[in-house]
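Chain residues, written in single-letter form:
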Amino acid sequence: MNIGDTVFLFLATVMVMLMTPGLALFYGGMVKSKNVLSTTMHSYGAMAIVSIQWILIGYSLSFGPDWKGLIGGLDWIGLKDVTFAPNKDYSATLPHNLFMMFQLMFAILTPALISGAFAERMRFSAFIVFILLWTTIVYDPVAHWVWGVGGWLRELGALDFAGGNVVHITSGVSGLVLAIYLGKRKDAHASAPHHLPFTVLGAGLLWFGWFGFNVGSALTLNDVALTAFINTNTAAAMAAISWVVCEWIFTKKPTVLGAVSGAISGLVAITPACGFVTPISSIVIGFLGGAICYFAVFYMKKKLGYDDALDAFGCHGIGGTWGGIATGLFATKSVNEAGADGLFYGNAALLGKQAIAIGATYVFAAVATFLIIKAISLVIPVRANEEEEALGLDISMHGEKAYHESL
């Protein structure tokens, strides 16, 4: 065991943990004032529910001994044999239970991201059941495919350094399915953010925590980790610029919301690639990531007519897809010997592998999410009724108000 690696991953773990409260602020500021608490509860609810699920069964399903490349076994159920002692497959220089906690923070954040798509209209009881089922049926298998020893996408040679497939594509695609299934909000046209400073603060916390997310995935502070650090910041900055430039050209106003949305899009896009590409490539990835996500949010969503309330699919699904493709284009073994060369470095095969990974994740997440929400709807109502939605989910679901008139 290496004490330096252990301290490094501990700090990365708590940084990633901070991302979920940051997401609560980011999303909470963008909804109406009557729904800010219910939106916040989606993030904190995920922290509570997934934390227990992960200890009982989730970690074993994600990283336990492989079963046919599809899922981990139940050998580590209830954290049996997951101790302070290192595990040669995942944490050779680290406590195994610290690696488990680092991965827990990813598992928490992912379903919380989905909530941006169905904000302001899903019943909290249905959300609780959905989060538990989705984490077990969707997140855990995909995490095993990509990162688990023996996982079929890992064996295929597809690359995902810190969660482009596992976190962003699964959450974005699942969010899109839910947004379509639940239908539009009754007053979606009147959905201006109620507290932009909340959103800006949340974006800052996400940007900060993302360093733990991406850099921590190296599991040690080496040359690959530092490259991931540089790439993460660079892509976020470039995507913020790109999104704002697009706004300036097409709407004549560079907005604060656009700047932070662009930064998040860049962070998403660089996530799968950050430990495999050069800093110059990260500029290109960030620039295109900001522009692509801008057009997904402002043109594709309008054209197709779905109500992705807080653009979970537009930023995470589309950004994660671009990031996976970009990895197949820009990856180079000069940055990371454990990776592969991409198309621009003479290896077209990697791009094909990335396409297979992205396609498989899309299909699996979409079909499984639809089946989960359909099954839940047969037992309990999943959408707030018109009166509850008009009143606001803070009062109708939680019996609370975020803001009170001064006496």
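Refer to the preceding data block for the structure.
Read on for a plain summary of the structure. As the structure is a prediction and not an experimental result, all values here were calculated from the model.

### Focus on the packing of aromatic side chains
For the structure on display, the rule yields 33 aromatic pairs. By way of ring pairs, the aromatic residues Trp-54, Tyr-59, Phe-63, Trp-76, Tyr-90, Phe-99 and Tyr-139 are connected into one cluster.

### Quick look at the side chain of Thr-369
With respect to the secondary-structure elements, Thr-369 resides in helix H12 (residues 348-377). Residues within four places of Thr-369 in sequence aside, it is in contact with Phe-130, Trp-134, Val-138, Ser-174, Val-177 and Leu-178.

### Brief notes about the nonpolar core
One finds Phe-26, Tyr-59, Phe-130, Tyr-139, Phe-213 and Ile-285 to be the most contacted residues of the largest nonpolar core, which totals 120 residues. Filtering out sequence-adjacent residues up to four positions away, Phe-130 remains in contact with Ile-114, Met-122, Leu-178, Thr-369, Ile-372, Ile-373 and Ile-376.

### As for the packing of helix H2 (residues 36-63) against helix H4 (residues 124-147)
Where H2 contacts H4, the two axes come as close as 9 Å, and the packing angle between them is 40°. When the axis of H2 is compared with that of H4, the two are oblique. For the pair H2 and H4, the sense of crossing is right-handed. From H2, Met-41, His-42, Ile-49, Val-50, Gln-53, Trp-54, Gly-58, Leu-61, Ser-62 and Phe-63 reach across to H4, where they touch Phe-124, Phe-127, Ile-128, Ile-131, Leu-132, Thr-135, Thr-136, Tyr-139, Asp-140, Ala-143, His-144 and Trp-147.

### Some points on the environment of Met-30
Here Met-30 lies in helix H1 (residues 3-30). Taking C-alpha positions, Met-30 is 29 Å from Val-363, a pair spaced 333 residues apart along the chain. Excluding its chain neighbours within four sequence positions, the residues that come into contact with Met-30 are Ser-191, Ala-192, Pro-193, His-194, Thr-199, Leu-257 and Leu-310.

Conventions used here
Residues numbered from 1 in each chain as written. Predicted model: local features only at pLDDT ≥ 70, side-chain atom pairs only at ≥ 80, totals over all residues. Heavy atoms only, no water. Phe/Tyr/Trp six-rings, centres within 6.5 Å; stacked < 30°, edge-to-face > 60°. Helix = DSSP H or I, 4+ residues; strand = E, 2+ residues; numbered from the N terminus. Contact = heavy atoms within 4.5 Å. Core = buried A, V, L, I, M, F, W, Y, C linked by side-chain atoms within 4.5 Å. Buried < 20%, exposed > 50% of the residue type's maximum accessible area, 1.4 Å probe, protein only. Axes fitted to C-alpha atoms, helices over the stretch in contact; angles between N-to-C directions. Parallel < 35°, antiparallel > 145°, perpendicular 65-115°, else oblique. Left-handed = near helix turned anticlockwise from the far one by under 90°.

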